[in-house]
Amino acid sequence: MTAPTATTELKPPALSQGWLGWARENLFAGPLNTLLTILTVWLLLATVPAFIDWALLKAVWSAPTASVCREAAGGACWAFVYEKHRLILFGLYPFEEHWRPMLVVVIFLAMIGLSCLRRFWTPWLALYWIVALTAVGILMWGGVLGLTYVENERWGGLPLTLILSVFGIAFAFPLSILLALGRRSNMPAIKALCVIYIELIRGVPLISLLFMASVMLPLFLPTGVNFDKLLRAQIAIILFAAAYLAEVVRGGLQALPKGQYEAADALGLSYWQKTGLIILPQALKLVIPPLVNTFIGIFKDTSLVVIIGLFDLLNSLKASLVDPAWPGFSAEGYIAVSLIYFALCYFMSKYSQALEARLATGHKR
Amino acid sequence: MKEIRIAAMVAAALAVSAPAFAGATLDAVKQRGFVTCGVSTGVAGFSNPDSAGKWTGIDVDNCRAIAAALFGDAEKVKLVPTTAQQRFTALQSGEVDVLTRNTTQTLQRDTALGFNAAGVNFYDGQGFMVPKKLGVKSAKELAGATVCVQPGTTTELNLADYFRANRMEFKPVVIEKLDEVIAAFFSGRCDVFTTDASQLASVRATRTQNPDDYVILPELISKEPLGPVVRHGDDQWFDVVKWSLIAMIEAEELGITSKNVDEMAKSTNPNIQRFLGVTPGMGKALGVDEKWAYNIVKQVGNYGESFERNLGKSTPIKLERGKNALWTDGGLMYALPIR
């Protein structure tokens, strides 16, 4: 029998090592932790298998009619989404012309992807966008190059959502920078104007702005004079988004040390040189997270055009739900559409994180 | 010089706005070449887009009938989806020529909002649906019942009024979303579900496995006459809208369908001859082509056909004609004489 000597290596207690140790550390560290873990596991067990069962295992993926689908399915009936996907994606756009909004979606996604790559951050990018948006306009409206004319009352679905949010953000962002600068201006008139604008617009919900634009405005105009419903909604979204973004940008401006302003002044830069070269690049970099936060908000807010009868992605889903031939598949429809929204929002969020990491020069904590 | 330019701009603006004012909607529509109708953003059987985005429903048929009468082509329509809130503005501002959007006609809407109701294409009313196993035969037996209802509509007010008038108690279960209120009813959270009778039928037909387990009680506690609505101020346009709908009903009374209309045109019945324009006169009086009614029936069908196609037994909605049967069959559909 050999007695253990001082040099024998003792293994650490099994409970503090490996997965067991990890679990003890992270899942069962105390009574409250243990309780929360058990509760979470119970919740997951109660919902996830049931959902998978419903959404995947017992689901029906294709069926000729609603009743066949309903009888065959113990779970979800994705045949509904397949049957209605063109209405959901493209709204009331003429059916045989659906390749046009399809192409528009591709152009938008490609351009958004392109703009995210730093390699393309040159003045040429603006030109690419002008070309792309011209192409989008030609494709959506038609009326030239042998394309039939489609009035914009019939636009709908994903292209409409993308148009409303891309234009909304693209126009609101520059406007918001001007508003933020204006609010910090020394000129009293400009400052007052910007403050009034921001507070007024921020003080009302988007839904009431849309409502004003689509219901009240036509009553003030003489009968027979109409300007386009889509344009009205787009302007309302731009005005609304600009007010919110302005405050985000102003936050960035406030965060810069005063020395930066003074240094720029000392160099003898003009106001616009100072702002464009010194202040804004730093300020905007600081506020990437809240900016993207607001962008995501705007993107989802476009679905409020439901109340003025525009068929964006969400409203075309709603229209597809009332078809008497395919009734009662709202869960499937909403899940499908929420996946599209999620994919786009998740992309925005991921990209902003990457951008932050790349631009974190000297600020990272 | 500047004043002249401003004056010219004002004049131009007035010129743009003039046509819709002066009671010349009809001229404007004719010049434009298509009818603009306000429809819903989706009400099954009345106006809803199918999978290909093509609108169907009895309100859509109503709109197409107007186009058929005016242009001899039922496809010359532009359907503008409107929400319940903006529909009246859309009509007032001239964005649409006529609302064919399951709109209830009331005195207030006729006068204060400045509209004219051009006939009724569906007689609806609020009703009650109960599970058959309750053994209830009449709404009068519903004392103490739990009632599922959607908030914020006249439905909720009518319900309270009805129970108060009959000195009965009830427990309302108020749920905002239609899908959820339906689910609540079928899962047994309430004894009664109340909404417009047409919707009750559609819900019963499509949202449950066993439609036979539920009955719709005979009482209707409100009157909801739905039909096309136009602006005040253009009587000629009003006439065209009104008589396009009447022509669909009259065609059913005369037994003229989209299938037999060509044979019927050879009929010796003077009513039919007048109706189909074989004997001219009606079209001229209305300011449209003599073949106006022929075109409506040929391209859209008579009222009965439209009803069966969109709401009737062959559709999932499976609605009875009920009050919407011809007056000769005990309903309320009564075509004014076309002569």
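Residues numbered from 1 in each chain as written. Chains lettered and ligands numbered in written order. Predicted model: local features only at pLDDT ≥ 70, side-chain atom pairs only at ≥ 80, totals over all residues.

1. What to know about the overall build of chain B
Item 1. The number of helices and strands found in chain B is 14 helices and 14 strands.
Item 2. Here chain B has a C-alpha radius of gyration of 22 Å; the compact-globule value for 339 residues is 20 Å, and the two agree.
Item 3. For chain B, the spread of C-alpha atoms along the three principal axes comes to 70 × 65 × 40 Å.
Item 4. Counting only residues that meet the buried cut, chain B has 47% of its 339 residues in that class.
Item 5. Once local pairs closer than 6 in sequence are excluded, the contacts in chain B between residues at least 24 apart make up 71%. (Helix = DSSP H or I, 4+ residues; strand = E, 2+ residues; numbered from the N terminus. Rg over C-alpha atoms; globule rule 2.2 N^0.38 Å. Buried ≥ 20, exposed ≤ 12 C-beta atoms within 10 Å, placed from the backbone. Contact = placed C-beta atoms within 7 Å.)

2. Quick look at the overall build of chain A
Item 1. Secondary structure assignment for chain A yields 15 helices and one strand.
Item 2. Taking 2.2 N^0.38 as the reference for a compact globule, 365 residues should give roughly 21 Å; the C-alpha atoms of chain A span a radius of gyration of 27 Å, well beyond that estimate.
Item 3. Dimensions of chain A, computed from C-alpha atoms along their principal axes, come out at roughly 105 × 75 × 40 Å.
Item 4. When contacts within chain A are restricted to residue pairs at least 6 apart in sequence, those whose partners lie at least 24 apart make up 65%.

3. What about the pairing of strand β1 (residues 35–39) of chain B?
Residues and elements named next belong to chain B.
Item 1. Taken across its five residues, β1 has four buried, putting it largely inside the fold.
Item 2. As paired elements, β1 and strand β4 (residues 77–81) share five bridges and run parallel to each other. Along β4, the bridge assignment pairs valine 39 with proline 81.
Item 3. By the bridge criterion, two bridges tie β1 to strand β5 (residues 98–99) in an arrangement that is parallel. Along β5, the bridge assignment pairs cysteine 37 with valine 98. (Pairing = 2+ DSSP bridges.)

4. Structural notes on the nonpolar core
Item 1. Ranked by internal contacts, the top residues of the largest apolar core, which has 175 residues, are Leu210 and Ala241 of chain A together with Ile66, Val240 and Ile296 of chain B.
Item 2. With near-sequence residues (within four places) excluded, leucine 210 of chain A lies in contact with Ala233, Ala236, Leu304, Val305, Ile307 and Ile308 of chain A. (Core = buried A, V, L, I, M, F, W, Y, C linked by C-beta atoms within 7 Å.)

5. Notes on the sheet that holds strand β12 (residues 214–216) of chain B
Residues and elements named next belong to chain B.
Item 1. Within the open sheet, the five strands sit side by side as β10-β9-β11-β8-β12. Their pairing is mixed. The open sheet has two free edges, formed respectively by β10 (170–174) and β12, since each of these has just one partner strand. When strand polarity is set aside, the average angle formed by the axes of neighbouring strands in this sheet is 30°.
Item 2. Sheet topology places strand β9 (residues 145–149) next to β10; five bridges connect them, and they run parallel. (Axes fitted to C-alpha atoms, helices over the stretch in contact; angles between N-to-C directions.)

6. A short note on the interface of chain A and chain B
Item 1. Taken together, the contacts link 31 residues of chain A with 35 residues of chain B.
Item 2. Elements supplying a minimum of two residues to the side of chain A that touches chain B: α4 (79–90), α9 (206–220) and α14 (313–321) of chain A.
Item 3. Counting residues per element, the side of chain A that touches chain B draws most heavily on α9 of chain A, at four residues.
Item 4. Residue composition of the side of chain A that touches chain B, grouped by class: 17 nonpolar, nine polar and five charged. (Nonpolar A, V, L, I, M, F, W, Y, C, P; charged D, E, K, R; others polar.)

7. What about the domain arrangement of chain A?
Residue and element names in this part refer to chain A.
Item 1. With domains assigned, chain A is organised as domain 1 (70–93 + 150–359) and domain 2 (97–142).
Item 2. Between the C-alpha centres of domain 1 and domain 2 there is a distance of 18 Å.
Item 3. Counting only elements with at least two residues in the side of domain 1 that touches domain 2, the list comes to α4 and α7 (157–183).
Item 4. The element contributing the most residues to the side of domain 1 that touches domain 2 is α7, with five residues.
Item 5. Classifying every residue of the side of domain 1 that touches domain 2 by side-chain character gives nine nonpolar, one polar and one charged. (Domains from an automatic or database assignment.)

8. Things to note about the confidence of the model for chain B
All names here are of chain B.
Item 1. In this model, chain B carries a mean pLDDT of 86, and residues with pLDDT of at least 70 account for 92%.
Item 2. Per-element confidence in chain B ranges from a low mean pLDDT of 41 for helix α1 (residues 2–21) to a high of 95 for helix α3 (residues 58–71).
Item 3. Note that pLDDT drops below 50 for residues 1–22; the model gives that stretch 18 contacts with residues more than four away or on any other chain.
Item 4. Across the interfaces of the predicted complex, the ipTM metric reaches 0.75, alongside a pTM of 0.80. (pLDDT = per-residue confidence, 0-100.)

9. Details of the packing of helix α9 (residues 235–254) of chain B against helix α13 (residues 292–299) of chain B
When two helices pack together, their arrangement is given by the angle between the helix axes and the distance between those axes.
Residues and elements named next belong to chain B.
Item 1. Contact geometry of α9 with α13 gives a least axis separation of 10 Å together with a crossing angle of 65°. The pairing of α9 with α13 is recorded here as roughly perpendicular in orientation. Crossing angle aside, the handedness with which α9 passes α13 is right-handed. Contacts between α9 and α13 pair Ser244, Ala247, Met248 and Ala251 from the former with Ala293, Ile296 and Val297 from the latter. (Parallel < 35°, antiparallel > 145°, perpendicular 65-115°, else oblique. Left-handed = near helix turned anticlockwise from the far one by under 90°.)

10. Examining the environment of threonine 194 of chain B
Residue and element names in this part refer to chain B.
Item 1. Mapped onto the fold, threonine 194 is located in strand β11 (residues 192–196).
Item 2. You can call threonine 194 buried: it has 31 C-beta atoms within 10 Å.
Item 3. When the C-alpha atoms of threonine 194 and valine 149 are compared, they prove to be 5.8 Å apart, with 45 residues separating the residues in sequence.

11. Quick word on the environment of alanine 336 of chain A
All names here are of chain A.
Item 1. The topology assignment puts alanine 336 in helix α15 (residues 330–359).
Item 2. We classify alanine 336 as buried; it has 20 C-beta atoms within 10 Å.
Item 3. It is 8.9 Å that separates the C-alpha atoms of alanine 336 and tryptophan 78, two residues lying 258 residues apart in sequence.

12. Topic: unusual backbone geometry
Item 1. Located in the positive-phi region is arginine 167 of chain B, a residue other than glycine, with phi close to 50°.
Item 2. For arginine 167 of chain B, the position within the fold is in the loop between α6 (154–165) and β10.

13. Details of the domain arrangement of chain B
All names here are of chain B.
Item 1. In terms of domain boundaries, chain B breaks down into domain 1 (2–123 + 226–318) and domain 2 (126–222).
Item 2. Computed over C-alpha atoms only, the centres of domain 1 and domain 2 are separated by 33 Å.
Item 3. Partitioned by chemical class, the residues of the side of domain 1 that touches domain 2 number three nonpolar, one polar and one charged.

14. A few points about α9 of chain B
Residue and element names in this part refer to chain B.
Item 1. With 20 residues, α9 extends 27 Å from end C-alpha to end C-alpha; this agrees with the ideal 28 Å at 1.5 Å per step.
Item 2. Within α9, 16 of the 20 residues are buried, leaving the element largely enclosed by the surrounding structure.
Item 3. Looking one or two places after α9, you find glycine 255, whose phi comes out positive at around 75°. (Expected span 1.5 Å × (residues − 1).)

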